[in-house]
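# Structural overview
Here is what each chain is made of, one letter per residue.
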Number of protein chains: 2
Amino acid sequence: MSARAPWRVLNENQIEQLHQAALTILARTGVVFNSPEALGYFRQAGARINENRVYLTPDLIEHALSTAPSAYKLHARNPANSLTIGGESCAVMPGGGPPFVRDLEGLRRPGRLADVENFARLSQMSPDVHVMARKAVEAQDVPAVARHLECWRAVLTLTDKPAQSGFVYGRAEAEDALQMLSIVFDGENAIEGKPVAHCSVNANSPLLYDKPMLESLIAFARYGQAILISPFVMAGVTGPATVAGALAQHNAEVLAGMALVQLVRPGTPVLYGTASSNVDLRTAAPAIGSPESALSIAICAQLARRYSLPCRGGGALTDSPIPDAQSNYERTMTLLISILSGVNFLMHGLGILESYLTMSYEQFIIDLELLAMVRRLVEPFEISPEALALEAIEAVGPGGHFLEAQHTLRHFREAHFLPQLSLRQPFEQWEQEGAKDAVQRANDRCRDLLEAYVKPNMDTDIADRLHDFVERRKSALLA
Amino acid sequence: MSARAPWRVLNENQIEQLHQAALTILARTGVVFNSPEALGYFRQAGARINENRVYLTPDLIEHALSTAPSAYKLHARNPANSLTIGGESCAVMPGGGPPFVRDLEGLRRPGRLADVENFARLSQMSPDVHVMARKAVEAQDVPAVARHLECWRAVLTLTDKPAQSGFVYGRAEAEDALQMLSIVFDGENAIEGKPVAHCSVNANSPLLYDKPMLESLIAFARYGQAILISPFVMAGVTGPATVAGALAQHNAEVLAGMALVQLVRPGTPVLYGTASSNVDLRTAAPAIGSPESALSIAICAQLARRYSLPCRGGGALTDSPIPDAQSNYERTMTLLISILSGVNFLMHGLGILESYLTMSYEQFIIDLELLAMVRRLVEPFEISPEALALEAIEAVGPGGHFLEAQHTLRHFREAHFLPQLSLRQPFEQWEQEGAKDAVQRANDRCRDLLEAYVKPNMDTDIADRLHDFVERRKSALLA
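Residues numbered from 1 in each chain as written. Chains lettered and ligands numbered in written order. Predicted model: local features only at pLDDT ≥ 70, side-chain atom pairs only at ≥ 80, totals over all residues. Heavy atoms only, no water.

### Notes on the interface of chain B and chain A
Taken together, the 113 residues of chain B in the interface contact 113 residues of chain A. For chain B, the biggest contributors to the area lost against chain A are Y329(B), F381(B) and R424(B); these three give 9% of the whole. Where chain B packs against chain A, one counts eight salt bridges. Salt-bridge contacts for R376(B) lead to E292(A); the nearest nitrogen and oxygen are separated by 3.3 Å. Across the chain B-chain A interface, the total number found is 38 residue pairs in polar contact (both at pLDDT 80 or more). Counting residues per element, the side of chain B that touches chain A draws most heavily on helix α10 (residues 325–340) of chain B, which supplies ten residues. Class assignment of the residues belonging to the side of chain B that touches chain A gives a composition of 65 nonpolar, 27 polar and 21 charged. (Contact = heavy atoms within 4.5 Å. Buried area = accessible area lost by both parts, 1.4 Å probe. Salt bridge = Lys/Arg side-chain N within 4 Å of Asp/Glu carboxyl O. Polar contact = N/O pair within 3.5 Å; in protein donor to acceptor, adjacent residues only side chain to side chain. Helix = DSSP H or I, 4+ residues; strand = E, 2+ residues; numbered from the N terminus. Nonpolar A, V, L, I, M, F, W, Y, C, P; charged D, E, K, R; others polar.)

So this is what it looks like as structure tokens:
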């Protein structure tokens, strides 16, 4: 998916002001890094440090930006699914991380490993899903210490697309992930310097990185794996109430994380991320489906281009707990603004409800339709003699019709988007066929898709080694 | 509402090709005008005519374009509600014309005069509605010959915003409308050369204008009332299957209608309209919520700018029969693309369901929320020292929070969009409060709004004359 000329919220001068604001914050207020290892990197680079607070100079930031790539190849175990992140392309990932699931019986309940598996199956089958979430939901039926192992195994075996780690809590989890990825790519050094999985890192806004996040950042960066830095600045709580202020702080947090990645291993890909938005200042509840959320996505895409960094943003976002009208007007706005703004990596592109708290099967299926529609919208548009059809117009003439024209017969198969889910039929026919709304139709379609799933091939030897690793580590962790 | 720098689908060269394609169609294939009066205007201008088919030269088109204004003031009977159509602004009108209503009991039934009145009341109360639809629905409980009188009376008395005629079927209806508008603006010549109502005119695509449409075009244009020309080219049936071909023909149809308006009265405002879209080529059903519909809107906005004409496009469009997920993802896409593309007059901005066949109260209320969100998205974005909040960020520091910061207290009231309808609250609280979805909440809100409605003032003398006129004409027509 490509964005055409991106839609822009700010002019260049305003973007420059957000850049200068971040530099001021970094040099004057500084950023706390709660990890001796991280502090070591900054000390070695000559940064001024006071306890755990690092003051980053414009020079240090500029130098780091000079080694961060503007695009990179993200490798899949099936090379046909490898893809470039950056430039004009936009790769899509489903939702990842919610603790709850809205299941096909209409029940909201804690996520399970079976849900992680099902969303992996649905993603594998969907041409508009390019990158897998390691954990579409929290698998709450698996003990917390072993959860990452089970989720990685599910995603790495049930799909052959590249994966996104989601949050990784500390060094041990990071090392397990890197080991499993090495097995799948068939060799200890197979993934070194070869991005095969994104690692998500968030600041604890404002301006603080905690130890587990820093450990996983450092572990993944040492392998040259792409690091996705997405502060979750909630304007009014973890950042200033004004969106401009929240984004100034956000920008400082991304640049600080980016600088650390480049100090750990220069040239490692960094995605300029955003999950920043606002809270409803009447209740302090997060508002991820808000216009402010969409504006933040669009402005961060502009900032990422300013820095020549690939951009992660947005998704199909909503604060509604169910896949209703609100869920769909909010998500269509954030999704469309993300794509039109030129985001390169669309996280949370399918299934998210309730401010990231719930993944919905039905909404996932609806979002497949929505993504296919948006893809159509940003495809190249052909203007050619054949497309302009002047001969057909002359042949049909005033008052005629085109249903049986040769030109129509030549084009009717590919000329228009053909929905899989959306209705276009007489009211009476719809009533006779059960008067199902879009959610009920999505429910039917989801069951059909899960039944039709076919597992991708995996070398038996690799599969065995992967399972051995998981079982061995599980035994150790659960002992 | 303004669009920032518009989102563009085509480059300038491609727009020029659509222009040249239209000129070729107009000169070679020609356009049928089924009205001796219209043919008279073209004959007088020196156009070649064969029976009812007029061949329009590039010169004739260029000359007409030179007298059509790029913007105009649309006057309301309450001057505070007058507004400019054109430039960077976007005026919004609710849906108009559907034969059916989806009422607050959840029933789809034929439209009634009471519905026309209710939608007028809701529109009067809504800051994001700028122009009224004369008939939000067909008032099927009023005899067809007198329907226009009752609907005009309802809209002119229950609101004091400017109105849109919708389709006017022939000279008599047009003259009635112009008489009633003259009464409301207090004088026989009060509206001459002063746009107070849009007149909608569609071609019978391909390339044919029928007699009733031409009669109303000529009647309104003689008074200098703005003419909105919106071909309804359905790619694959009433135009070529390719969107490019459909738009080449569409462009020719608009230019032909625009030329006639300028021949009738040079300088009369013409809106470059579009209702063009595609049909589902599996069933020949219209698809107004399709990506092709959104693309047509965006490209027509570019064409209108090419011609320096104000642009009418889009709306909140869907093919779903109910206000469900489909209704809301389709309408959010077409609405957002309309606004981002720089449309000046958004027709069908609220309430439309089922490919223009149904108006929904609940969807109307949902669309108010959607429009308020989009307005927020395209408002100027402030980057200033106060907005960037560097002092607040320094004062709070790493690991702090902004809930009680002075900066937050200064800004929390206006910093974010405050929804009227969208939920942002804990799941448990939502369940306790009845677990209402967005449609149920919209239903509640609609009843509240209708109860709170206050009729705008109207001079007693004017009101009396208006009612006398309607009663006299009704007697004559129903005799």
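After that view of the structure, there is still more to cover.
### Focus: helix α3 (residues 58–67) of chain B
All names here are of chain B. Listing the buried residues of α3 in full gives L60, I61, A64 and L65. Each buried residue of α3 sits inside an arc of 135° when the element is viewed along its axis, so together they form one side. The exposed set on the far side of α3, more than 90 degrees from its buried face, consists of D59, H63 and S66. Looking at the buried side of α3, the elements it contacts are α1 (12–29), α2 (36–44) and α8 (243–264). (Buried < 20%, exposed > 50% of the residue type's maximum accessible area, 1.4 Å probe, protein only. Arc of directions from axis to C-beta.)

### Some words on helix α17 (residues 460–478) of chain A
Between its first and last C-alpha, α17(A) extends 27 Å over 19 residues, near the 27 Å set by a 1.5 Å rise per residue. Put simply, D459(A) is the residue that caps the front of α17(A), since its side-chain oxygen is 2.9 Å from the backbone nitrogen of D461(A). (Expected span 1.5 Å × (residues − 1).)

### Digging into the packing of aromatic side chains
Summed over all chains, the structure comprises 14 aromatic pairs over all chains. Considering the side-chain rings of Y272(B) and Y307(B), the 6.2 Å spacing of their centres and the 20° angle between planes classify their relative orientation as stacked. Within this pair, whereas Y272(B) is found in strand β15 (residues 270–273), its partner Y307(B) is found in the loop between α9 (291–306) and β18 (311–313), the two being separated by 35 residues in sequence. Overall, Y272(B) belongs to the buried group, its relative accessible area being 0%. Among the residues examined, Y307(B) registers a relative accessible area of 5% and is labelled buried. Ring pairs connect the aromatic residues F33(A), F42(A) and Y209(A), which therefore count as one cluster. Its end group placed over the ring of F427(B), R108(A) keeps NZ or CZ at 3.9 Å from the ring centre. Here the guanidinium or amino end of R108(B) rests over the ring plane of F100(B), the centre of that ring lying 3.9 Å away. (Phe/Tyr/Trp six-rings, centres within 6.5 Å; stacked < 30°, edge-to-face > 60°. Lys NZ or Arg CZ within 6 Å of the ring centre and 35° of its normal.)

### Some points on the pattern of salt bridges
The final tally for this structure, using the stated rule, is 53 salt bridges over all chains. A salt bridge links R28(B) to E391(A); its shortest N-O distance comes to 3.4 Å. Residue R28(B) is found in helix α1, and its partner E391(A) is found in helix α13 (residues 390–396); the two belong to separate chains. You can call R28(B) partly exposed: its relative accessible area is 34%. With its nearest N and O atoms 2.6 Å apart, the salt bridge here joins D128(B) to R375(B). Remark: R375(B) occurs in helix α11 (residues 361–378) and D128(B) occurs in the loop between α4 (113–124) and β9 (132–133); sequence separation between them is 247 residues.

### Points about the sheet that holds strand β13 (residues 227–229) of chain A
All names here are of chain A. Pairing within the open sheet is parallel, and its five strands lie in the order β9-β10-β11-β13-β15. Two strands close off the open sheet at either side, each with one partner strand: β9 (132–133) and β15 (270–272). Sheet topology places strand β10 (residues 163–167) next to strand β11 (residues 197–201); three bridges connect them, and they run parallel. By the bridge assignment, Q164 is partnered in β11 with H198. (Pairing = 2+ DSSP bridges.)

### Section: the side chain of E292(B)
Within the element layout of this structure, E292(B) appears in helix α9. Within the structure, the side chain of E292(B) is placed 3.3 Å from the side chain of R376(A), a separation counted as a polar contact. Only 2.7 Å separates the side chain of E292(B) from the backbone nitrogen of F417(A), close enough to count as a polar contact. Sequence-distant contacts of E292(B), defined by excluding residues within four places in its chain, comprise R376(A), A415(A), H416(A), F417(A), V243(B) and N278(B).

### Some words on the packing of α4(B) against helix α5 (residues 147–158) of chain B
Residue and element names in this part refer to chain B. Remark: α4 packs on α5, axes separated minimally by 9 Å, with the N-to-C direction vectors making an angle of 25°. Regarding the angle of α4 to α5, the classification is roughly parallel. As for how α4 packs across α5, the hand of that crossing is right-handed. Contact with α4, carried on its side by L113, V116, E117, A120, R121 and Q124, involves E150, C151, A154, V155 and L158 of α5 and no other residues of that element. Within the contact of α4 with α5, the residues separate by chemical class into seven nonpolar, one polar and three charged. (Axes fitted to C-alpha atoms, helices over the stretch in contact; angles between N-to-C directions. Parallel < 35°, antiparallel > 145°, perpendicular 65-115°, else oblique. Left-handed = near helix turned anticlockwise from the far one by under 90°.)

### Quick word on the sheet that holds strand β16 (residues 277–280) of chain B
Residue and element names in this part refer to chain B. The strand order β14-β16-β17 describes an open sheet built from three strands, whose pairing is mixed. Each end of this open sheet is capped by a strand with a single partner; those strands are β14 (234–235) and β17 (285–287). Bridge count between β16 and β17: three bridges; the pairing is antiparallel. If you follow V279 over to β17, its bridge partner there is P286.

### Remarks on the packing of helix α5 (residues 144–158) of chain A against helix α6 (residues 171–184) of chain A
All names here are of chain A. At a closest axis distance of 10 Å, the pairing of α5 and α6 adopts a crossing angle of 25°. In terms of their interaxial angle, α5 and α6 are classed as roughly parallel. The handedness of the crossing between α5 and α6 comes out as right-handed. Contacts between α5 and α6 involve H148, L149, W152, R153 and L156 from the first element and E173, D176, A177, M180, L181 and V184 from the second. A per-class count over the contact of α5 with α6 returns seven nonpolar, one polar and three charged.

### Quick word on the relation of the copies chain B and chain A
With an RMSD of 0.0 Å, chain B superimposes on chain A once it is rotated by 180° and translated 0.0 Å along the axis. This pairing of chains is accounted for by a two-fold axis. (Least-squares fit on C-alpha atoms with pLDDT ≥ 70 in both.)

### Considering the side chain of S276(A)
Residues and elements named next belong to chain A. Within the secondary structure, S276 sits in the loop between β15 and β16 (277–280). The buried category is assigned to S276, whose relative accessible area is 3%. Polar contacts involving the side chain of S276 include one to the main-chain carbonyl oxygen of P231, which spans 3.2 Å. The contact partners of S276, leaving out residues within four places of it in the chain, are P231, F232, V233, M234, H250, S293 and S296.

### Some remarks on unusual backbone geometry
All names here are of chain A. Here S205 and P206 are connected by a cis peptide whose omega angle stands at 0°. Mapped onto the elements of the fold, P206 is located in the loop between β11 and β12 (208–209). With phi around 55°, E354 is a residue other than glycine that occupies positive phi space. Relative to the assigned elements, E354 resides in the loop between β20 (352–353) and β21 (358–360). Under the relative-accessibility criterion, E354 is labelled buried at 4%.

### Quick word on the environment of K161(A)
Residue and element names in this part refer to chain A. As for its placement among the helices and strands, K161 is situated in the loop between α5 and β10. K161 sits in the buried class, given a relative accessible area of 11%. Sequence separation between K161 and M132 is 29 residues, and the spatial gap between their C-alpha atoms is 6.4 Å. Other than its neighbours up to four places away in sequence, K161 contacts A76, N81, S123, Q124, S126, V129, H130 and M132. Side-chain polar atoms of K161 contact the backbone oxygen of S123, separated by 2.9 Å. In terms of polar contacts, K161 uses its side chain to reach the backbone carbonyl oxygen of V129, at 2.7 Å.

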